[in-house]
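# Breakdown of the fold
Chain residues, written in single-letter form:
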Number of protein chains: 2
Amino acid sequence: MRGVGAALGRARTMTAMSEPTPLAATGVLDAVRFDGEGLVPAVVQEAATGQVLMVAWMTEATLRRSLAEGRTVFWSRSRQEEWRKGDTSGDRQWIREAWLDCDGDTVLLVVDQDGRGACHTGSHSCFSRVLAGPAASAPTS
Amino acid sequence: MRGVGAALGRARTMTAMSEPTPLAATGVLDAVRFDGEGLVPAVVQEAATGQVLMVAWMTEATLRRSLAEGRTVFWSRSRQEEWRKGDTSGDRQWIREAWLDCDGDTVLLVVDQDGRGACHTGSHSCFSRVLAGPAASAPTS
């Protein structure tokens, strides 16, 4: 299996390191297609568990800053400002791998999650509300 | 661990079933916040592997149709039409769980992937290009 599955396989064998590791960007960075507002969505997935933690938006500047610092920096659409994840909450995300999809309009970041989790509600993942499915009867709080 | 991690734990113990299972929507469906174009991004994750396969867009109608049919139906922004994943390629996605994030503007669908994979390029995941990181030297084709 190629791509992220292989990446997760590798990541699962690693010891999580809660420290920054600047990443070397590849030429693929030039293939990122930002939307009309200059933004690209970034899916954040936990390396150790495979859990999808959150989706947020990046400008070209925050994407480059994220890779250079080895931790996630987003663009807040509501506040219209940069937002370095965890500066206030302590819940930082250390980037271990960064992937671009086939049409270049979505980024996938595989991270080690610091602190209590990714979500401001206290949940480990922002995806904690059941929309439908067999799990619909499970408690979600 | 709550949320999708728990979901994946359950999903990994299931035998993949390549057949439709209509899903029961919860009241959470009313909390989905569609953007100015009436769209919400949907992250598609494989139940058996945890691999993030793709991100695509849904209207309220295609989200409801996806849940009712138990398979993914997206909105093509380029073609401006509904697109039921796999009708042409055979690479259908059967939805096992559906989650909404904390601010209601992103959906996560946990699926069984039919056929060769999610990507029109032939890759199992659409995220097959390395943007940066330790895997940068690995072949990506």
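Residues numbered from 1 in each chain as written. Chains lettered and ligands numbered in written order. Predicted model: local features only at pLDDT ≥ 70, side-chain atom pairs only at ≥ 80, totals over all residues. Heavy atoms only, no water.

Moving on to the pairing of strand 1 (residues 40-46) of chain B. Residues and elements named next belong to chain B. Most of strand 1 sits out of view: seven of its seven residues are buried. Neither face of strand 1 is open: one carries Val40, Ala42, Val44 and Glu46, the other Pro41, Val43 and Gln45, and all of them are buried. Looking at chain direction, strand 1 and strand 2 (residues 52-58) are connected through six bridges and run antiparallel. In the strand pairing of strand 2, Val43 is matched with Val55. Hairpin connection between strand 1 and strand 2: a loop of five residues separates the two successive antiparallel strands, and Gly50 in this loop has a positive phi of roughly 80°. (Buried < 20%, exposed > 50% of the residue type's maximum accessible area, 1.4 Å probe, protein only. Helix = DSSP H or I, 4+ residues; strand = E, 2+ residues; numbered from the N terminus. Pairing = 2+ DSSP bridges.)

Residue and element names in this part refer to chain A. Under the defined criterion, the tally for this structure stands at two aromatic pairs over all chains. Relative to Trp83, the ring of Phe74 has its centre 4.9 Å away and its plane inclined at 40°; by these criteria the two rings are tilted. Trp83 sits in the partly exposed class, given a relative accessible area of 28%. (Phe/Tyr/Trp six-rings, centres within 6.5 Å; stacked < 30°, edge-to-face > 60°.)

Let us now look at the sheet that holds strand 5 (residues 93-101) of chain A. The strand order across the open sheet built from five strands is 2(A)-1(A)-6(A)-5(A)-7(B), with neighbouring strands paired in mixed fashion. What marks the edges here is a single partner per strand, and that holds for strand 2 (52-58) of chain A together with strand 7 (127-132) of chain B. Strand after strand, the sheet turns through a mean of 30° between neighbouring axes, direction not considered. As paired strands, strand 5 of chain A and strand 7 of chain B are joined by four bridges and run antiparallel to one another. Looking across to strand 7 of chain B, one finds that Trp99 of chain A is bridged to Val130 of chain B. The sheet strands contacting helix 2 (residues 60-69) of chain A are strand 2, strand 5 and strand 6 (107-113) of chain A together with strand 7 of chain B, and the helix crosses strand 2 of chain A at an angle near 130°. (Axes fitted to C-alpha atoms, helices over the stretch in contact; angles between N-to-C directions. Contact = heavy atoms within 4.5 Å.)

Our next topic: the sheet that holds strand 1 of chain B. With respect to topology, five strands assemble into an open sheet ordered 7(A)-5(B)-6(B)-1(B)-2(B), the strand pairing being mixed. Each of the sheet's edge strands pairs with one partner strand only, and the pair in question is strand 7 (127-132) of chain A together with strand 2 of chain B. On average, each strand axis in the sheet is inclined to that of its neighbour by 30°, with strand direction left out of account. The sheet contacts of helix 2 (residues 60-69) of chain B involve strand 7 of chain A together with strand 2, strand 5 (93-101) and strand 6 (107-113) of chain B, and relative to strand 2 of chain B the element is tilted by about 130°.

Before going further, it helps to examine the pattern of salt bridges. All names here are of chain A. Scanning all chains against the criterion turns up 24 salt bridges over all chains. As a salt-bridge pair, Glu81 and Arg79 come within 2.9 Å of each other at their nearest N and O atoms. As a salt-bridge pair, Asp87 and Arg84 come within 3.1 Å of each other at their nearest N and O atoms. (Salt bridge = Lys/Arg side-chain N within 4 Å of Asp/Glu carboxyl O.)

Next up on the list: the side chain of Glu97 of chain A. For Glu97 of chain A, the location among the structural elements is in strand 5. Within the structure, the side chain of Glu97 of chain A is placed 3.2 Å from the side chain of Trp99 of chain A, a separation counted as a polar contact. (Polar contact = N/O pair within 3.5 Å; in protein donor to acceptor, adjacent residues only side chain to side chain.)

Residue and element names in this part refer to chain A. Confidence in the prediction for chain A averages 85 pLDDT; 81% of positions are at 70 or higher. Under a pLDDT of 50 for its full length, residues 1-7 has, in the predicted model, 18 contacts with residues more than four places off or in other chains. Across residues 135-141 the pLDDT falls below 50, and counting only partners more than four positions away or on other chains, this stretch makes 10 contacts in the model. For this predicted complex, the interface confidence reaches an ipTM of 0.84, while the overall pTM sits at 0.85. (pLDDT = per-residue confidence, 0-100.)

Now for the environment of Glu37 of chain A. Residues and elements named next belong to chain A. By secondary structure assignment, the location of Glu37 is in the loop between helix 1 (4-12) and strand 1 (40-46). The class of Glu37 is exposed, set by a relative accessible area of 65%. Between the C-alpha atoms of Glu37 and Arg77, which are 40 residues apart in sequence, the distance is 9.8 Å.

In terms of nonpolar packing, the biggest core is built from 25 residues, with Met54, Val107 and Leu109 of chain A together with Leu131 of chain B touching the most fellow members. Listing elements by their share of this core, those giving two or more residues are strand 1, strand 2, helix 2, strand 5 and strand 6 of chain A together with strand 7 of chain B. It is strand 2 of chain A that contributes the most residues to this core, four residues altogether. Contacts of Val107 of chain A, omitting those with residues within four sequence positions, involve Val40, Pro41, Ala42, Val43, Leu63, Trp99 and Leu100 of chain A together with Phe127 and Leu131 of chain B. Counting residues in each nonpolar core, the second largest holds 24 residues, with Leu53, Ile95, Leu109 and Val111 of chain B among its members. (Core = buried A, V, L, I, M, F, W, Y, C linked by side-chain atoms within 4.5 Å.)

Once that is clear, we can look at the pairing of strand 5 of chain A. Each regular strand shows side chains that alternate between the opposite faces of the sheet. All names here are of chain A. Judged by how many residues are buried, strand 5 sits mostly within the fold: nine of nine residues are covered. The sheet contact formed by strand 5 and strand 6 spans seven bridges and is antiparallel. Its bridge partner lying in strand 6, Ile95 is registered against Val111. Between the antiparallel neighbours strand 5 and strand 6 lie five residues, among them Gly104 with a positive phi of about 75°.

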